[in-house]
Each structure stands twice: as C-alpha cells, then as structure tokens.
Amino acid sequence: MHWSPRHYLIALNMVSGIGGRRLIALQEHFGSLAAAWHAPFSALAEVKGMGPNTAQRFCEERLEICPLEEEKWAARLGARVVTLYDGEYPEYLKRLAVPPPVLYIMGKLPEEPGIAVVGTRKPSRVGVAQARHFTAELVRRGEAVISGLARGIDRCAHEQALELGGQTVAVLGSNFGQIYPAEHRGLVQRIKEQGAVVSEFSSRCPTVPGNFPRRNRIIAGFSRGVLVVQAGANSGALRTADWALEMGLEVWSIPGEISDPLREGNHKLIKQGAALVTSPAELFAGELPEREGVPTSIGELFSAGCTPNEISARLGKPIQEVLVQISRLEVGGGRAWK
C-alpha cells in the first residue's frame with residue numbers, strides 16, 4: 001500500500017519513544033522518513049539517539065501500525081490529523097525548537113497565537129475569581145484563551161471564555177480516545193464548537209505523567225504570552241512559563257500572600273523576571289490603548305508609552321509628522337497636541 005510522506009510522519013509518531021528529535025535524526029540519517037520506516041534493525045540501531053532498545057521496539061511496533069487506519073480513528077471521534085507537511089499546520093507553532101510533528105485537532109484553530117491562562121489544579125476561591133476576571137478581559141479584547149484542560153484554573157479559563165462567547169484552545173495530555181480528566185469530556189465537546197481541542201498523542205499513546213510536560217510546551221507554542229494565575233512551587237504551570245521564556249514570550253504572574261503555598265510559584269516567577277500583574281489591563285501595557293469611536297491624539301498615545309511608529313500606524317499619519325508633534329510636546333512640557 002502506497003503511503004505519502006505525511007502518512008509516514010503519522011506512522012512514526014505512533015511508535016513509542018519516537019518524538020520530534022528522533023524523527024529529525026531518522027530523517028537526517030536515512031534521507032527520508034520512508035527509508036527510515038523500512039530500515040532494518042541494524043541500521044536503525046546506528047541512528048544517533050536511538051540505540052538497540054528503541055530500534056527493537058520500532059521494528060516490533062511498526063508491524064501493527066497503519067496511518068490510514070489512524071486517520072479513520074480520528075475521524076470517528078470528530079477529529080482530523082494535521083502534520084508538519086500540511087497547509088493547515090499553524091505557523092506560530094513552528095516557533096518551538098522542535099514542533100510537534102503531528103497534531104490531532106477538533107474544531108478551528110485561531111489564526112494568531114492567543115494568551116495562555118494556567119495555574120494550579122486546586123485553586124482557592126480567590127484564584128478562581130482571578131482566573132475568571134482576567135479571562136473575561138482577554139475575551140473582550142478578542143484574544144484566544146489557551147489552556148490545558150486540567151482541573152482548577154485551566155477549567156475556569158476555558159469555561160469563562162465559553163460563557164462569554166470567546167475562542168478557547170484546550171491542549172491535552174492524553175489522546176482523543178482517553179480524554180483526561182474524564183469528567184471534562186463534556187467540556188471538550190463545548191470547546192470544539194467554539195474553538196479547538198488539540199493533542200499530539202496518537203491512539204496508541206497511553207496517558208502517563210510524561211505527557212504533561214510535552215503538552216505544556218504546546219500551550220506555550222499556541223500563545224504570545226502566558227499568565228500564571230495561582231501556582232505552587234512545583235506546579236506544571238511553571239513549566240509552561242519556562243517554555244514561554246525560552247521562546248522570548250511575555251510571562252505574567254499574579255502575586256499573593258507571601259505565606260500562601262499556592263503562590264510560591266508565582267513569587268518565584270516574579271523573582272526570575274516575570275511581570276507582576278494585579279489588573280487585566282496590565283497584560284496590555286504598552287499596547288495601543290482602546291478608544292471607542294473617539295480619535296486618539298498623538299499626545300495621548302505618546303503619554304501611554306507608544307513608539308512613534310506605533311502612533312503613525314494607529315492614526316494613519318506620516319512618521320515625520322508624528323516626530324514633529326512629539327518634539328513639540330516635549331518642548332511644551334507635556335501638552336497633548338492634536
């Protein structure tokens with residue numbers, strides 16, 4: 001049976017122990033994924049990062065794998081399989097050092113990266129209120145809300161986005177046939193109607209603890225910034241923040257009482273340079289301010305911290321005119337010029 005390059009990618013993604021880095025190694029060693037798929041044990045064992053154990057497992061498992069059947073499995077669950085070879089694969093996810101080679105998707109992905117809202121699975125009432133408050137502002141501003149479908153803060157963010165008619169993306173740490181946690185199956189159905197549910201895990205992949213750090217990197221990949229609402233010292237939300245920092249993205253952290261163990265992670269992030277935020281508006285500090293139906297002046301935008309180029313773009317004025325007005329503003333001691 002003839003397989004296309006994307007089918008080989010789907011098939012290789014179904015082999016346990018074969019992730020993005022080993023796929024790259026296989027491609028480089030054999031010249032194509034098709035050649036890698038059909039390679040004998042001896043040749044596979046020589047690939048950098050493989051070794052005899054992984055090569056043996058590869059040889060055993062490939063006898064049971066069919067990517068065409070995998071696509072049928074996904075379709076039965078209302079999902080589709082998208083690979084790095086496909087036009088639908090989101091460009092912003094390619095910012096990751098090693099993007100997930102295969103995605104299983106329900107619903108519609110956002111055209112642009114959104115903002116991740118993450119935190120503990122056991123939030124306080126204050127944490128829940130903060131998650132909802134900040135998420136409401138993200139929805140109002142048209143941002144896609146990204147999170148991990150976990151209990152606690154993740155669920156609050158997804159539900160608030162849905163209730164307000166916003167777009168939300170849930171990134172799973174399980175495959176679509178074994179939604180985890182199981183009580184969120186109904187939430188998955190709601191999200192796919194108003195956003196997207198995403199997983200990199202094939203039908204053959206069990207739900208194990210190691211899945212969740214991998215999921216966290218994809219949450220960061222779908223985002224232009226990460227808001228950590230409430231997180232303990234060892235919270236998985238910190239791993240998501242780490243991925244965001246590695247990508248050069250914004251990380252915001254909501255502080256709390258210094259003796260609160262559910263804020264230890266937040267305070268750690270702030271010490272490491274994350275932005276301390278106490279208001280949703282602070283997530284958009286430095287961005288162009290919103291003015292409903294009223295033209296905003298050069299002076300007001302300049303006072304808000306906008307650069308001359310940003311002011312020029314916002315008001316549709318030549319950059320030279322903007323620079324002249326700013327010079328007059330500075331000489332005039334802060335007057336807002338029109």
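Refer to the structure above for everything that follows.
Residues numbered from 1 in each chain as written. Predicted model: local features only at pLDDT ≥ 70, side-chain atom pairs only at ≥ 80, totals over all residues. Heavy atoms only, no water.

Before going further, it helps to examine the packing of helix α8 (residues 153–163) against helix α9 (residues 185–194). Where α8 meets α9, the axes come as close as 11 Å, and the angle between the chain directions of the two elements is 50°. Classified by the angle between their axes, α8 and α9 sit oblique to one another. Judged by the twist between their axes, the crossing of α8 over α9 is left-handed. Residue-level inspection shows Arg155, His158, Glu159, Ala161, Leu162 and Glu163 of α8 in contact with α9, the latter providing Leu187, Arg190, Ile191 and Gln194. Its residues assigned to classes, the contact of α8 with α9 comprises four nonpolar, two polar and four charged. (Axes fitted to C-alpha atoms, helices over the stretch in contact; angles between N-to-C directions. Helix = DSSP H or I, 4+ residues; strand = E, 2+ residues; numbered from the N terminus. Parallel < 35°, antiparallel > 145°, perpendicular 65-115°, else oblique. Left-handed = near helix turned anticlockwise from the far one by under 90°. Contact = heavy atoms within 4.5 Å. Nonpolar A, V, L, I, M, F, W, Y, C, P; charged D, E, K, R; others polar.)

Enumeration according to the criterion identifies two cavities of 30 Å³ or more in this entry. Space inside the largest cavity adds up to approximately 80 Å³. Lining of the largest cavity is provided by Val118, Gly119, Arg121, Ala150, Asp154, Arg215, Asn216, Ile219, Ser235, Gly236, Ala237 and Thr240. Mapped by element, the contributors of at least two residues to the lining of the largest cavity are α10 (211–221) and α11 (236–246). For the lining of the largest cavity, the class distribution of residues is four nonpolar, five polar and three charged. (1 Å grid on protein atoms, 1.4 Å probe; cavity = no way out; pocket = protein on both sides within 12 Å on 5 of 7 lines; lining within 4 Å. Points joined across faces, edges and corners; volume = space filled by probe spheres on them.)

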